[in-house]
Each structure stands twice: as structure tokens, then as C-alpha cells.
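# Chain and residue survey
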Amino acid sequence: MATIFQRIGAATSLSYSIDTKTSRRSLSERKASFVVVRSDATKINTGLNRIGGRVDHLITNAVATKADTLAASTASKPGHEVLLFEALKEGLEEEMERDARVCVMGEDVGHYGGSYKVTKGLAPKFGDLRVLDTPIAENSFTGMGIGAAMTGLRPVIEGMNMGFLLLAFNQISNNCGMLHYTSGGQFKIPVVIRGPGGVGRQLGAEHSQRLESYFQSIPGIQMVACSTPYNAKGLMKAAIRSDNPVILFEHVLLYNLKETIPDEEYVLNLEEAEMVRPGQHVTILTYSRMRYHVMQAAKTLVNKGYDPEVIDIRSLKPFDLHTIGNSVKKTHRVLIVEECMRTGGIGASLTAAINENFQDYLDAPIVCLSSQDVPTPYAGTLEEWTVVQPPQIVAAVEQLCQ
Amino acid sequence: MASSCLSKSKNFIYNLKFKLYLLNRTSAVTNPLFHPHLRHTISSPSSSPVRKHASYSRVNGFDRWFEPAFVGRRSHSTTSVSSDVSQLPVEPPSQQVLDFPGGKVKFTQKLIFTSNSTEERVHCYRVLDDNGQPFTDAESLEISKELAVKMYTNMVTLELMDTIFYESQRQGRISFYATTTGEEAINIASAAALNDNDFVFPQYREPGVLLWRGFSLQEFANQLFGNKYEYGKGRQMPVHYGSRKHNYITVASTVATQIPHAVGAAYSLKMEKQDSCVITYFGDGGTSTADFHAAMNFAAVMEVPVIFFCRNNGWAISTPVHEQFRSDGVVVKGKAYGVPSIRIDGNDALAIYNAVHEARKMAIKEQTPVLIEALTYRAGHHTTSDDSTRYRSIDEIEKWRGDQNPIKRFRKWIESRGWWNAVAESEYRGSVRKQVAQAIQVAERIEKPPVADMFSDVYDAPPRNLNEQEVFVRKTVKKHRQDYPSDVPL
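Criteria and thresholds
- Numbering of residues begins from 1 in every chain and follows the order in which that chain's sequence is written.
- Throughout, the order in which chains and ligands are written sets their labels, letters from A for the former and numbers from 1 for the latter.
- Predicted model: local features are reported for residues with pLDDT of at least 70 only, side-chain atom pairs are reported and counted for 80 or more only, and whole-chain, interface and lining totals are derived from all residues.
- Processing note: side-chain calculations cover all non-hydrogen atoms of the structure and skip hydrogens and water entirely.
- Helix numbers and strand numbers start at the N terminus; a helix is a DSSP run of H or I with at least 4 residues, a strand a run of E with at least 2.
- Think of it in three bands: with a 1.4 Å probe and only protein chains considered, a residue is buried below 20% of the maximum accessible area for its type, exposed above 50%, and partly exposed in between.
- Should any heavy atoms of two residues lie within 4.5 Å, those residues are considered in contact.
- The Shrake-Rupley method, run with a 1.4 Å probe sphere, supplies the accessible areas, and residue values consider only the shown protein chains as cover.
- The span you would expect from a helix comes to 1.5 Å times its residue count less one.
- A patch consists of residues whose relative accessible area exceeds 30% and which take part in no salt bridge; residues with like charges are grouped when within 9 Å of each other, and nonpolar side chains (Val, Leu, Ile, Met, Phe, Trp, Tyr) when within 5 Å.
- Whenever a carboxyl oxygen of Asp or Glu lies within 4 Å of a side-chain nitrogen of Lys or Arg, that contact is scored as a salt bridge.
- Strands were regarded as paired on the criterion that DSSP finds at least two bridges between them.
- Between N-to-C directions, angles span 0 to 180 degrees; the directions come from axes that are lines fitted to C-alpha atoms, helices contributing only their stretch in contact.
- Buried area counts how much accessible surface, traced with a 1.4 Å probe, disappears from two parts once they are put together, with both parts' losses summed.
- Per residue, pLDDT measures the predictor's confidence, with a range of 0 to 100.
- Pairing of aromatic rings covers Phe, Tyr and the six-membered ring of Trp, with a centre-to-centre limit of 6.5 Å; geometry is then stacked below 30 degrees between planes, edge-to-face above 60, and tilted otherwise.
- Whether a charge lies above a ring is judged from NZ of Lys or CZ of Arg, which has to be within 6 Å of the ring centre and within 35 degrees of the ring normal.

### Comments concerning the overall build of chain A
Summing up its helical and strand segments, chain A has 15 helices and 14 strands in all. Evaluated residue by residue, chain A yields a buried proportion of 65% over its 402 residues. In chain A, once contacts between residues fewer than 6 apart in sequence are set aside, the share between residues at least 24 apart is 81%. Counting every atom, chain A has about 13800 Å² of accessible surface; 54% of that belongs to carbon and sulfur.

Below you can see the structure in the form of C-alpha cells.
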């Protein structure tokens with residue numbers, strides 16, 4: 001997507017004024033990577049991983065609480081520690097400062113600061129017109145966001161829980177995804193629709209939905225899922241700057257993850273997957289919370305002598321088939337670990353995409369671990385069994401590598 | 001209208017009074033940093049007590065807009081406080097009144113339900129009578145000959161456009177069409193009262209607004225034929241016009257989804273402090289949708305400059321209004337949401353012009369939504385896929401095409417002013433007919449959009465999977481050229 005890179009390039013010149021001390025270095029760093037990318041937009045090479053300089057970073061912990069390893073590989077400044085929801089807020093706040101057209105709308109985002117505190121402090125700072133509390137009608141405030149976007153604003157629409165956005169499905173599918181196309185490109189819809197989804201801790205079936213499986217088919221939208229404070233902030237900023245409608249999936253259980261992120265400004269690529277742990281034996285594709293279950297399983301696997309390559313796919317639509325493909329060509333075995341239901345989830349689409357494109361490189365059929373096709377039960381034990389757990393992942397890898 | 005119209009200065013003084021009042025009544029509220037965020041039970045993280053108990057014992061009709069006194073936020077709106085409350089009570093509340101979140105409420109000891117209907121329906125604003133003669137006491141603006149003739153000729157063009165395009169669908173030259181028959185006055189007169197930079201969010205029966213703003217007959221025809229010159233690049237059905245340069249948002253087939261869009265656009269105008277408003281059109285059927293209700297509610301709460309224009313034309317395909325809602329039409333719903341509203345004669349061009357003109361002024365000056373219900377009649381079929389004689393009598397249709405016909409009524413008026421005559425009429429009609437026919441001929445012959453347009457604009461730049469799919473389509477078409485239409489360029 002050539003235009004996206006160009007826009008990020010343009011953004012660096014604007015960001016110069018925000019952080020004058022450190023931006024020079026990061027500017028040149030980013031520029032270098034962009035020059036590589038612009039020459040051929042379709043080949044996403046390792047140069048891109050240099051955005052923010054994270055190419056060598058490995059997360060060896062299930063839940064990223066150890067900030068030291070992260071600090072070492074980022075740019076020379078030590079950075080600051082944040083929780084994931086604060087990282088989202090930082091990204092949002094920076095974009096709102098940078099561009100007066102960015103606004104937030106959703107239920108309880110204003111004075112209350114958002115149910116997960118992602119918008120805390122923004123209403124006093126930017127005013128309650130820019131951080132808008134809406135009545136309870138998801139289809140309508142999503143529609144409002146779409147109308148505002150068509151007439152020049154860049155709204156960030158928050159669904160209190162992703163499941164509530166099912167009410168907004170009509171607006172998202174029929175209008176958000178379509179109007180740029182059906183208007184012949186005359187009206188663009190640069191909205192970001194975000195919210196927490198996924199299985200939490202006994203939130204009940206209605207509040208434990210995985211909307212990415214329902215939305216993935218809608219043409220015209222992009223979907224990304226964040227999993228660490230670092231990529232949360234970067235993806236939030238990228239999503240806001242994108243002229244396409246982007247749905248940013250957060251996870252209810254990841255909001256309190258702690259990590260040290262760079263002080264200088266950085267924006268991530270929306271269509272790029274993240275190499276979490278390079279390896280040789282098997283490619284494990286995952287996203288969002290399952291990343292941590294996979295990393296936990298990876299520890300066990302390493303002890304048992306396996307060398308898994310873990311990729312956080314991050315971009316759910318479109319898939320980063322370049323990174324994924326390179327990995328498949330290396331390891332020849334694929335395990336997909338997702339939280340979606342078995343039927344029609346992201347894993348199902350990813351399986352089809354990999355089979356279609358990299359059939360010749362596979363030594364074994366793709367294994368996909370997903371949740372069962374049941375509404376998420378409330379009882380804690382049952383809920384735990386519905387989500388893929390590390391022992392299952394270990395067992396699947398062992399079987400795959402026989 | 002009155003309730004939402006306290007001026008900002010009055011608001012400010014009220015603020016100060018309230019602050020002083022609270023300082024005197026510290027015993028009454030447990031938290032001096034009081035967020036009168038009354039309607040919501042969720043409290044701001046910084047304030048501690050359960051607000052339900054602390055708040056409404058003393059606060060009358062205060063709502064969130066008073067927070068600037070405490071939190072330093074922008075106060076940008078007015079309140080809906082009645083005049084009683086400007087005298088702040090210093091004695092315990094009267095037994096007859098409840099200080100409730102949202103305003104004072106008087107008690108009654110009578111067990112009476114409000115009726116589901118009123119004896120008399122809301123009156124309908126009208127300037128011209130059935131014979132096109134203005135009532136002597138009609139409240140109306142003076143409009144110039146130039147404007148009147150322009151309005152009339154546009155209505156005639158719209159009528160002829162509809163007739164000829166409809167026929168061309170019957171002849172198989174275009175695939176689909178929807179007429180505006182009977183609603184020409186709504187289309188043209190409302191557009192005439194707006195500025196060109198007011199955003200328009202149409203349903204699908206308002207091409208006249210585009211016509212007024214300068215969309216040419218050729219541009220209309222291009223869209224109907226889906227050729228490569230049409231702005232939608234051949235991606236939408238006929239009559240789904242859209243034009244950025246005319247501030248007319250592309251029509252989407254989904255009913256009433258444009259209403260919340262309009263509120264969002266009005267919100268963006270309010271954010272950017274523009275001196276323009278937004279108008280959105282919808283039919284009686286559209287008012288049943290969830291989008292309509294939530295959008296009205298939002299617009300009222302957010303105080304944004306949007307005109308909700310309901311074309312109550314009696315029919316939603318085959319559903320008559322008494323099967324659509326049981327309220328007194330749509331105008332009463334405005335009151336339910338706190339939106340100033342009016343019912344007008346939708347076949348009276350002058351009434352429409354006046355109402356929209358005034359609504360626009362109101363919307364911008366007072367930053368308020370306005371609801372206009374225009375009573376009219378859908379004299380044509382729903383679309384070319386419909387035969388309305390199957391569910392309504394031909395007599396009824398004929399009656400509305402008769403004296404109530406908006407074009408006929410307006411013509412009588414301008415002729416009585418000496419601004420028009422039969423000769424001008426036949427000349428004009430002849431000329432327009434020719435132009436429309438020619439536009440059709442030209443549009444028909446133009447090439448269709450290329451295959452590349454099937455894949456562009458899905459995103460700002462096509463991603464890899466779409467590029468792959470495009471390559472595949474091209475290969476397939478090239479290989480089996482005879483199985484694919486020949487007028488679509490690769």
C-alpha cells in the first residue's frame with residue numbers, strides 16, 4: 001500500500017515539531033526504512049521491521065512484565081513504562097494534538113474516561129465536543145462517525161465492548177466499508193473503530209465475543225489486533241492516520257500489561273506481522289491474547305528441545321502473507337492459535353490463505369487451534385476450557401513435528 | 001423551540017449563581033467538586049460519593065453544561081431549564097414539585113394517562129391554497145421573480161427527467177429508476193432555501209436537490225447508464241447519485257442510515273464552527289428505523305445544526321402510514337426528542353421554501369436540530385420494480401396528480417404574478433425533453449468503466465490480495481472474451 005507509507009513519511013516531518021530533541025534520530029531512522037519500502041510497496045522486507053527498531057527484540061515471557069530486554073533493543077533513549085491502556089491513550093492523545101480533526105466518540109468516553117480508561121483525561125484536555133459521550137445506540141453513533149468522516153473529521157469510535165458493535169454491523173458493513181467505493185472515491189471514511197473484545201474473566205457469553213470473525217469478510221475495511229503496549233500505541237497511531245476505515249481489536253485481559261516503550265514518536269505499519277520469536281521447527285501464527293499463551297508454551301517447547309517460530313500476525317485483514325510466507329518456507333509446518341470459534345474464524349481464513357499460497361512448502365497439514373463453537377460459558381472452569389491453553393499448544397507442536 | 005434557547009450569557013450568570021448557591025449549601029452536597037452529571041449513574045473517577053443521593057436533592061434541571069464552573073471545560077451549549085429555575089430556591093422544595101434529574105416535575109393526585117392521540121392533529125403550515133393563491137395572512141418571505149421562475153423551471157425539468165428516464169427503463173435501456181413524482185416541490189424548494197455548501201444526505205428520492213445545485217442532465221444520465229464518466233464509476237445502482245463538489249453525499253440503498261451520518265456531519269460542522277448546516281431527507285417509512293430515533297436523540301443531546309426533512313408521502317412501498325406508525329405522523333416525534341419541529345404542506349413550494357429557510361437560520365444560529373414533516377403524496381410507483389396499483393386505488397393516485405400536484409399549484413401562482421405563461425411553458429418543456437433525450441443517447445454510447453475500477457477505491461491503495469484478484473479476472477476475461485460483455489474495456 002504505497003500511499004500509506006508516503007503518509008507516514010509526511011507525518012515524520014510534522015512530528016518534528018512535537019519532539020525536537022529525539023526526533024532527528026528517529027526521523028532519519030524512519031526515513032531510511034521508508035526509502036527501502038517505497039521502491040516496491042508490495043515487497044515488505046525486513047527493512048520495515050526497523051520502524052522503531054524492534055527487529056531483534058524477543059519476548060521470552062508469557063506476559064511481558066520484564067521491561068529490561070525491551071529497553072535494550074529500542075532506540076538509545078530508555079523510554080518510559082506504560083500499561084497497555086495508557087499506551088493506547090498516549091497514541092490517541094498524540095494524534096489528537098497533532099491533528100485537530102481527530103475526535104473520539106463512544107459511550108462514557110468523556111468524563112468517565114472510558115470503561116477501560118483508554119480515554120481518561122482526554123475530555124478535560126480537549127473539550128467534550130472532541131471527546132464525545134454518546135447515548136446508547138451503537139448503530140447510530142457509528143453512523144455519526146461515518147458521516148463526520150465523510151465531511152472532514154477523523155473520528156475514533158469506541159465500542160464499549162466489541163460485542164456491542166454487532167448493533168453497528170449495518171453501518172460498518174453497508175456504509176463504512178462501501179461508501180468510498182460506491183461514491184467513486186469521492187468520499188473517504190477515515191474512521192477508527194476500536195474496542196475490547198475476546199474472552200475475559202467470566203464476563204458472560206454476550207461480552208466475550210470475537211468480532212474479528214464476523215467482520216473479516218467486509219470489503220473496504222482493515223482490521224488489526226494489538227497485543228503489547230508497544231504495538232498498541234503504534235497501531236493506534238497508524239490506524240488514525242490511515243484514510244481507510246480501520247477496526248482495531250483490543251483484548252479485555254491485556255489492558256494492564258506493562259512495558260517500556262520509546263519516548264520518541266513511532267508509528268507502526270498496519271499490514272505488517274510481528275516476529276515475536278524466530279525459530280526453525282514450526283511456525284506458530286497467533287494474535288492478541290493468544291500470543292501470550294503461545295509464548296508460555298514456547299518456553300516449555302524450548303525446554304523440550306523444539307525451536308518454534310512465533311509470529312503475531314497483528315494484521316487480520318489483509319494478512320501479511322509476506323512475513324508468513326517466508327516463515328512457512330523456512331519451517332514447513334504451521335500451527336495457528338486463535339481465540340475465535342472454529343467455524344469461520346480468522347484461523348479458518350488464514351488456513352485457507354496459506355494452503356492456497358504456500359501449499360508446496362508444507363510438510364504437514366496446517367493445524368488450527370481455536371475455541372469451540374459454543375457461546376462462552378460463565379463458569380470459570382468451563383470458560384478456561386473454551387480458550388486454547390498452553391498445554392494444548394505444546395501437544396499440537398509435538399504432534400506436528402513428529 | 002423555546003426550551004433550548006437560553007442564551008450563553010444567561011447560562012454564565014446561572015453558573016455563577018449556582019456556584020454561590022452551592023457554597024452556601026455545603027451541607028446539602030457531600031462533594032464540593034460536584035459534577036452534575038445527573039442523567040448517568042456512572043460517576044467521574046475523581047468524584048467520590050454515589051451521586052444519586054447527593055445530587056438531585058438540590059439541583060434543579062442542572063445538567064452537564066454547568067461543569068465549566070468546576071472543571072474548566074468549554075461550555076458550548078445551552079440548557080433546557082424552564083424559567084422557574086432562575087429563581088434559585090432557598091427553602092425546602094414544595095410538596096407539589098419533585099426536583100428530579102432533568103428538571104422540576106409537578107405532582108398531581110389524579111390518575112390520568114395521556115391519550116394515545118390528540119383530538120386535533122398538529123396543524124400544517126401552508127402559504128398557497130389549492131388554486132395556487134396565497135392566503136392573505138400567510139407568513140411568507142417575498143421571493144423574486146428570478147427565484148420563482150428558477151424554482152418552477154427546475155420542477156418542470158425534474159418532472160420531465162423522471163418521465164423520460166422512467167420510460168427508458170421500461171424500454172430496457174437502463175436497468176432501474178425511481179421517480180420523484182408528486183414530490184418535486186420538496187426537492188426543489190428545499191434546495192432553493194439552502195446554501196450550496198450545506199451538506200445534503202439524501203435517501204434516494206431527492207435528485208432535485210442535485211439538479212438545483214447544477215448537476216447536469218448529462219451527469220444524471222451518465223450515472224443511470226453507469227458509464228465511465230459517472231462519478232460513482234459504475235459501482236452503484238441507478239439513481240444512487242453522489243457528488244462531492246455539490247456537497248451531496250452518495251445515496252446508499254439502506255434506509256435511514258444517512259440520518260446518523262447527517263448528525264455526524266453536523267457535529268463536524270459544529271466542531272469546526274462552520275456557518276452552514278446539514279440536511280437529511282427520509283420518508284415516512286424511514287422513521288420506523290432505529291437509526292432515525294437514535295439520530296434524532298443524538299442531535300438533540302449534542303445540539304448540532306441539522307435539518308431532518310421527512311417526506312411523509314403516505315406510502316413505504318406498499319405500507320401505508322397507518323401501518324407504519326400510530327402517532328400523529330412524524331412531527332410529534334420531534335417533541336419527544338426535544339427537537340423543534342413543524343408540519344408543512346409538502347405540495348406547496350412556497351411553504352417548503354419558507355420552512356427550510358427558517359429552519360436553516362435556526363439550526364445555525366441556535367445550534368439546534370430541526371424536524372420538518374412535509375405532507376405529500378408519492379404519486380408514482382416506489383420504483384420501476386413496483387406497480388402501486390396493486391395496493392392502492394387508481395382514483396387516489398389520480399386525485400393527487402390533480403389539483404394537489406405541486407407543479408400545477410406553483411404554476412398557477414407564478415402565472416398569476418405574470419411571471420410565466422403557456423407559451424413559455426410549452427417552449428421550456430419542448431427544450432428540456434430534447435435535452436434529456438439527447439443526454440440519454442450520449443450516455444448510452446459511452447464506454448463502461450474499465451475492470452481496474454472494480455478494484456480501485458475499495459481501499460486508498462489496493463492491497464496485494466485485490467491486485468491478485470484483478471490479475472485473475474483479467475486473465476479469465478482475456479481467455480474467454482466471447483463470454484464477457486464487449487463494451488467493458490480491460
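### Section: the overall build of chain B
Per the secondary structure count, chain B includes 16 helices and nine strands. In chain B, buried positions account for 52% of the 490 residues. Within chain B, residue pairs in contact and separated by at least 24 positions form 71% of the contacts whose partners lie at least 6 positions apart. Total accessible area on chain B is roughly 22800 Å²; 54% of this is exposed by carbon and sulfur atoms.

### A few points about unusual backbone geometry
The phi torsion of most residues other than glycine is negative, and most of the peptide bonds are trans. For the bond from K317 of chain A to P318 of chain A, the omega torsion is 0 degrees, close enough to zero to count as cis. Tracing the sequence through the fold places P318 of chain A in the loop between strand 12 (315-317) and helix 12 (321-331).

### Re helix 14 (residues 422-445) of chain B
All names here are of chain B. End to end, helix 14 covers 35 Å across 24 residues, agreeing with the expected 34 Å (1.5 Å per residue, within 8%). When helix 14 is considered as a whole, its buried residues turn out to be E425, R429, V432, V436, A439, I440 and A443. Looking at the buried side of helix 14, the elements it contacts are helix 4 (145-170), helix 7 (217-225) and helix 13 (406-416).

### Topic: a nonpolar patch on the surface
Residue and element names in this part refer to chain B. The grouping of L98, F100, V105 and F107 at the surface amounts to a nonpolar patch, some 330 Å² of accessible area in total. Relative to the helices and strands, L98 resides in strand 1 (residues 97-100). Under the relative-accessibility criterion, L98 is labelled partly exposed at 33%.

### What to know about the environment of Q404 of chain B
All names here are of chain B. Inspection of the secondary structure puts Q404 in the loop between helix 12 (394-401) and helix 13. Through-space distance from the C-alpha of Q404 to that of C124 is 15 Å; in sequence the pair is 280 residues apart. If we ignore the near neighbours within four places in the chain, the residues touching Q404 are R126, D130, N347, K399 and R409.

### What to know about the sheet that holds strand 4 (residues 154-158) of chain A
Residues and elements named next belong to chain A. Pairing within the open sheet is mixed, and its seven strands lie in the order 3-2-4-5-7-6-12. The sheet terminates laterally at strand 3 (131-133) and strand 12, the two strands that pair on one side only. The average angle at which neighbouring strand axes cross in this sheet is 20 degrees, direction not considered. In this sheet, strand 7 (residues 246-251) lies alongside strand 5 (residues 192-197) in parallel orientation, the contact comprising six bridges.

### Focus: the interface of chain A and chain B
Taken together, the 59 residues of chain A in the interface contact 55 residues of chain B. For the pair chain A and chain B, the summed buried area comes to about 4900 Å², and 62% of that belongs to carbon and sulfur atoms. If you sort the residues of chain A by the area they bury against chain B, H111, L129 and Y181 of chain A come out on top, with a joint share of 16%. Summed over the shared surface of chain A and chain B, the result is zero salt bridges.

### Focus: the sheet that holds strand 13 (residues 334-341) of chain A
All names here are of chain A. Reading across from one edge, 9-11-10-13-14 is the order of the five strands in this open sheet, with mixed pairing throughout. Edge strands, defined here as strands with exactly one partner in the open sheet, are strand 9 (274-277) and strand 14 (367-371). Pairwise comparison of adjacent strand axes, ignoring direction, gives a mean angle of 25 degrees for this sheet. Across four bridges, strand 10 (residues 282-286) lies against strand 13 in parallel orientation. Opposite T283, over in strand 13, you have V334 as the bridge partner. In the packing of helix 13 (residues 346-358) onto the sheet, the strands contacted are strand 10, strand 13 and strand 14, and the crossing angle to strand 13 comes to about 150 degrees.

### Examining the side chain of S268 of chain B
In this structure, S268 of chain B sits in helix 8 (residues 258-271). By relative accessible area, S268 of chain B is classed as buried at 0%. Non-local contacts of S268 of chain B, meaning those with residues more than four positions away in its chain, are made with A148, T151 and L153 of chain A.

### Structural notes on the pattern of salt bridges
Residue and element names in this part refer to chain A. The final tally for this structure, using the stated rule, is 44 salt bridges over all chains. In this structure, E94 and K237 form a salt bridge, with 2.5 Å as the shortest nitrogen-oxygen distance. One end of the pair, E94, is in helix 4 (residues 84-98); the other, K237, is in helix 10 (residues 229-241), and 143 residues separate them in sequence. Accessibility classification places E94 together with K237 in one group, the buried group. Each member of the salt-bridge network shares a partner with another, and the members are E90, E94, E95, R98, K233, K237, R241 and E265.

### Remarks on helix 7 of chain B
Residues and elements named next belong to chain B. Of all the nine residues making up helix 7, eight are buried; the element is thus mostly covered by neighbouring parts of the structure. Residues of helix 7 that are buried: L217, E219, F220, A221, N222, Q223, L224 and F225. In this structure, the buried side of helix 7 is in contact with helix 4, helix 6 (207-213) and helix 14.

### Let's talk about the confidence of the model for chain A
Detailed reading of the predicted coordinates is not advisable wherever pLDDT falls low. Put simply, chain A has an average pLDDT of 83, and 81% of its residues get 70 or more. A low-confidence stretch, residues 1-75 of chain A stays under pLDDT 50, and its non-local contacts, those more than four residues away or across chains, total 116 contacts.

### So, the packing of aromatic side chains
Scanning the model with the defined rule gives 16 aromatic pairs over all chains in all. Measuring from ring centre to ring centre gives 4.9 Å for Y116 of chain A and Y255 of chain A, while their planes differ by 25 degrees; the resulting arrangement is stacked. Taken together, the positions of Y116 of chain A in the loop between strand 2 (102-106) and helix 5 (122-126) and Y255 of chain A in the loop between strand 7 and strand 8 (258-261) put the pair 139 residues apart, joining distant regions of the chain. For the ring pair W420 of chain B and Y428 of chain B, a centre distance of 6.3 Å and an interplane angle of 75 degrees mean the geometry is edge-to-face. Judged by its relative accessible area of 24%, Y428 of chain B falls in the partly exposed class. Among the aromatic residues, ring-to-ring pairing joins F215, F220, Y231 and Y241 of chain B into one connected group. The side chain of K150 of chain B reaches across the aromatic face of W212 of chain B, ending 4.2 Å from its centre.

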